[in-house]
Amino acid sequence: MSVEKVLQTIKENNIEWVDFRFVDLGGRAHHIALPADAVDEETFVNGVAFDGSSIAGFRGIEESDMVMMPDPSTTYVDPFTAHPTLNIMCDIFTPDGERYERDPRGIAVKAEEYLQKSGVGTAAFFAPESEFFIFDDVRYESGMNSSSYFVDSEEAVWNSNRKDEGGNLGFKVGIKGGYVPVAPVDTQQDIRSEMCRLLAEAGLVIERHHHEVATAGQAEINFRFDTLKKTADNLLTYKYIVQNTARQYGKVATFMPKPIFGDNGSGMHVHQSIFNGDSPLFYEKGGYANLSEMALNYIGGILYHAPALIALTNPSTNSFKRLVPGYEAPVNLVFSKGNRSAAVRIPVAAVTPKGCRIEFRTPDTTANPYLAFSAMLLAGLDGIKKKINPVELGYGPLDKNIYELPNEEKAKIRSVPGSLNEALDALEADYEFLTEGGVFTKDFIDNYIELKRGEAQAVAIRVHPHEYSLYFDV
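All values derive from a computational prediction rather than experimental measurement.

Student: Before we go on, may I ask you to explain the overall build of the protein chain in this structure?
Tutor: Within the protein chain, the secondary structure is distributed over 14 helices and 18 strands. Relative to a compact globule of 474 residues, whose C-alpha radius of gyration would be 23 Å, the protein chain shows 23 Å and is just as compact. Sorting the 474 residues of the protein chain into buried and exposed places 54% on the buried side. In the protein chain, the share of contacts with a sequence separation of at least 24, taken over all contacts with a separation of at least 6, comes to 68%. Summing over all exposed atoms, the protein chain offers an accessible surface of approximately 21,500 Å²; the carbon and sulfur share of this is 52%. When the 45 positive and 66 negative side-chain charges of the protein chain are each reduced to one mean point, those points stand 5 Å apart.

What follows is the structure, encoded as C-alpha cells:
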C-alpha cells in the first residue's frame, strides 16, 4: 500500500486515529496514536518521535529521542477499537536519520539484503506454526512472602469433577488428548473461526485452524508463508488479534511456551525455504526427502549453530520448561523426513517442488520473530557458505522414534541447551555467523545477552512454590 493509498483509506473508512507501532527486543509491540487529521505525506517523511529510554534494551536517558518511520505496506484497520483506527508498523531511526542498529525490524531488513548480496537467492520464505492456549481464568503473583499462579479452562481434564456446570457436562480434554477432536470436546471452534475472520480482514491468508494436543484449550492457526520481514509483521498481527479476540470472548490467550505442567507446551515450528526468482532452491528430485545439496547445507548450518541460535529462538526461562523429553518437544539436534521428534523435520506429505522446505521445530513464540527469523536465515546461509554437511557431522538423517532408541544410541545425539543461561553461553561463544554482512552487531548481541541474563537471574533468585513441597519439613 502506498502513502497515497493509506491517506485514501483514512478518508474512506472515516478513520479517527492512526496507530504507529514498533517492536522492542523482546518482541512486544508498542504504539502511539495520532489524530487522523494530523497525518499527511510529511508524516511518512519525518516520522513520529518517541522516548527510546523507556523501552528496555534501547537507549539511555541521555540519548532518548528516537523516530518511528511508518511502513505503509503494513497498514490495516484495527478491528477492536471503539474509534476507527488504522494500524501501521514502523522502523526505528535516530534523530539524524540513521537506522537504529538495535531495531529488530531493521535487523530483518538487513538479513534480507544480505541474502540478496550473497548471491544464494533472491528471497527467503518463512511460515511459523504458532501454538497458544485459550484460558478462562489466569491469576499469578510473585511477591516477597508469596508466589503462585493459577489457570483454568472449562475443557481441562482437572475439571472432570467440577460441580458448578449444571451437573458437569463431561467431554473434557484428557492429557495429550486434544489433537483435533470435534465438538463437544473441542469447545473453541467458534472463537478460532472469529480469530481467522479478523486475521483475514487484516491481510493474512489463513490456511487452517484446529485444537492442539494439550488439555485446557491449546490451539493453532496457520497462515500462509511470506518473505522474512513480512512474515514477522504478520506474526505480530496474529498475536495481537488472537489475544484481543480472546478478551472479547471473556477469555485470555497466551503464547507462553509452558503455562501448565504435565502436558504439551506451545511451540512455533518454523518452515523455511530459499528461492531464486520463481525457482525453488531446496528441491532436487531423488535426494533425501527430495532435498537439494543447498537445503542439506542449510540444515547443517541450523543444527551446527543451534545452541547459540536457541538464545534467540527460545529466549525465555519458560522456553526450557517446554524443551524437555517426552512431550513431543524437539530437543534432539538431528534432521529427519516426517519425524516430529527431530529438531529439523522435512515435510514430505503432498509437497510440490515449490513447497519443498525444512521445518525447524525447536522455536517458540516468546521469540522476537524479526530476530529469530533473521538468525535462522544467517545460520542456514553459513551452512551453505561453508558447505556444512549434517550427515558427516552426525546430525542424521534419523528416521526412527528417538524417544524409543536404546540409551547408547540416544547418548550419541546432541541435545539443545538445558537452560536460558546455557543458550546465552553458547551465543557468547558462537555469534560470528550473526554478524556476517553487518546484520547483527556485536553491540546488539552483548546488549541482548545482558538483558536476557537479567531475566534468568530474576527467576533464579526467587523462591519457587515447589521448593516448599521439597524442603520445608527438612
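Student: Please clarify how the domain arrangement of the protein chain should be interpreted in this entry.
Tutor: When its domains are assigned, the protein chain resolves into domain 1 (3-100) and domain 2 (123-462). At the junction of the two partners, domain 1 supplies 18 residues and domain 2 supplies 19 residues. Summing both partners gives a buried area of about 1,500 Å² for domain 1 against domain 2, and 62% of it is carried by carbon and sulfur. The interface formed by domain 1 and domain 2 contains one salt bridge. Asp-71 serves as the salt-bridge partner of Lys-229, at 3.8 Å between the closest nitrogen and oxygen. Joining domain 1 to domain 2, the criterion identifies five residue pairs in polar contact (both at pLDDT 80 or more). Looking at the side of domain 1 that touches domain 2, the elements with two or more residues in it are β1 (17-23) and β6 (85-93).

Student: Help me out: how do you make sense of the packing of helix α6 (residues 293-304) against helix α9 (residues 369-386) in this one?
Tutor: Helices that pack against each other are described as a pair by the angle of their axes relative to one another and the distance between those axes. It is at 6 Å that the axes of α6 and α9 come closest, and there the two elements cross at 120 degrees. Taken together, the axes of α6 and α9 are oblique relative to one another. Read as a crossing pair, α6 and α9 show a hand that is right-handed. Only Met-376, Leu-377, Ala-379, Gly-380, Leu-381, Gly-383 and Ile-384 of α9 make contact with α6, whose side of the interface consists of Met-294, Asn-297, Tyr-298, Gly-301 and Ile-302.

Student: In this structure, what is going on with the UniProt feature "modified residue: O-AMP-tyrosine" (unreviewed entry) in the protein chain? I would like to understand it.
Tutor: UniProt's feature table lists "modified residue: O-AMP-tyrosine" (unreviewed entry) at Tyr-403, given in the numbering used throughout. Of note, Tyr-403 is situated in the loop between α9 and α10 (407-410).

Student: Would you mind showing me how to read α6 here?
Tutor: Count 3.6 residues to each turn of an α-helix, and residues three or four apart come out pointing the same way. Between its terminal C-alpha atoms α6 stretches 16 Å, which fits the 16 Å expected from twelve residues at 1.5 Å a residue. Among the residues making up α6, those that are buried are Ala-295, Asn-297, Tyr-298, Ile-299, Gly-300, Gly-301, Ile-302 and Leu-303.

Student: Can you help me understand the side chain of Thr-254 in this one?
Tutor: Relative to the assigned elements, Thr-254 resides in strand β13 (residues 252-254). The contacts of Thr-254, once residues within four sequence positions are left out, are Phe-132, Phe-133, Phe-135 and Pro-259.

Student: Looking at this structure, how should I read the layout of surface pockets?
Tutor: One simple way to see leftover space: roll a probe sized like a water molecule over the atoms. Computed from the structure, the second largest pocket encloses a volume of approximately 810 Å³. Lining of the second largest pocket is provided by 38 residues; of these, Glu-129, Arg-208, Glu-220, His-271 and Glu-359 occupy positions nearest its centre. Where the lining of the second largest pocket is concerned, the elements lending two or more residues are β7 (123-135), β10 (206-211), β11 (218-223) and β14 (268-276). Per-element accounting of the lining of the second largest pocket gives the leading share, six residues, to β7. In terms of residue class, the lining of the second largest pocket is made up of twelve nonpolar, eleven polar and 15 charged.

Student: Can you walk me through empty space enclosed by the protein in this structure?
Tutor: One pass over the structure, following the stated rule, counts one cavity of 30 Å³ or more. The computed volume of the largest cavity comes to approximately 40 Å³. Taken together, Leu-25, Gly-26, Leu-312, Pro-315, Thr-366, Ala-367, Asn-368, Leu-371, Tyr-448 and Lys-452 make up the lining of the largest cavity. Of the residues in the lining of the largest cavity, the class split is six nonpolar, three polar and one charged.

Student: Would you take a moment to explain the pairing of strand β8 (residues 137-142) for this structure?
Tutor: Consecutive side chains along a regular strand alternate between the two faces of the sheet. Judged from the six bridges that link them, β8 and strand β9 (residues 147-152) form a sheet pairing that is antiparallel. Following the sheet pairing, Glu-141 is matched in β9 by Ser-148.

Student: What should I look at first to understand the pattern of salt bridges in this one?
Tutor: One side chain can pair with another of opposite charge once the charged atoms of both are near each other. On inspection of all chains with the given rule, the structure shows 23 salt bridges. Linking Asp-91 and Arg-99 is a salt bridge whose minimum nitrogen-to-oxygen distance equals 3.9 Å. Between Arg-453 and Asp-425 there is a salt bridge, with the nearest N and O atoms lying 2.6 Å from each other. With Arg-453 in helix α13 (residues 442-460) and Asp-425 in helix α11 (residues 420-429), this pair connects stretches of sequence that are 28 residues apart.

Reading the values: the criteria
- Residues numbered from 1 in each chain as written.
- Predicted model: local features only at pLDDT ≥ 70, side-chain atom pairs only at ≥ 80, totals over all residues.
- Heavy atoms only, no water.
- Helix = DSSP H or I, 4+ residues; strand = E, 2+ residues; numbered from the N terminus.
- Rg over C-alpha atoms; globule rule 2.2 N^0.38 Å.
- Buried < 20%, exposed > 50% of the residue type's maximum accessible area, 1.4 Å probe, protein only.
- Contact = heavy atoms within 4.5 Å.
- Areas by Shrake-Rupley, 256 points an atom, 1.4 Å probe, with all protein chains shown as cover.
- Lys, Arg positive; Asp, Glu negative; His and termini not counted.
- Charge placed at Lys NZ, Arg CZ, Asp CG, Glu CD.
- Domains from an automatic or database assignment.
- Buried area = accessible area lost by both parts, 1.4 Å probe.
- Salt bridge = Lys/Arg side-chain N within 4 Å of Asp/Glu carboxyl O.
- Polar contact = N/O pair within 3.5 Å; in protein donor to acceptor, adjacent residues only side chain to side chain.
- Axes fitted to C-alpha atoms, helices over the stretch in contact; angles between N-to-C directions.
- Parallel < 35°, antiparallel > 145°, perpendicular 65-115°, else oblique.
- Left-handed = near helix turned anticlockwise from the far one by under 90°.
- UniProt positions renumbered as here; feature names shortened; annotations may be inferred.
- Expected span 1.5 Å × (residues − 1).
- 1 Å grid on protein atoms, 1.4 Å probe; cavity = no way out; pocket = protein on both sides within 12 Å on 5 of 7 lines; lining within 4 Å.
- Points joined across faces, edges and corners; volume = space filled by probe spheres on them.
- Nonpolar A, V, L, I, M, F, W, Y, C, P; charged D, E, K, R; others polar.
- Pairing = 2+ DSSP bridges.

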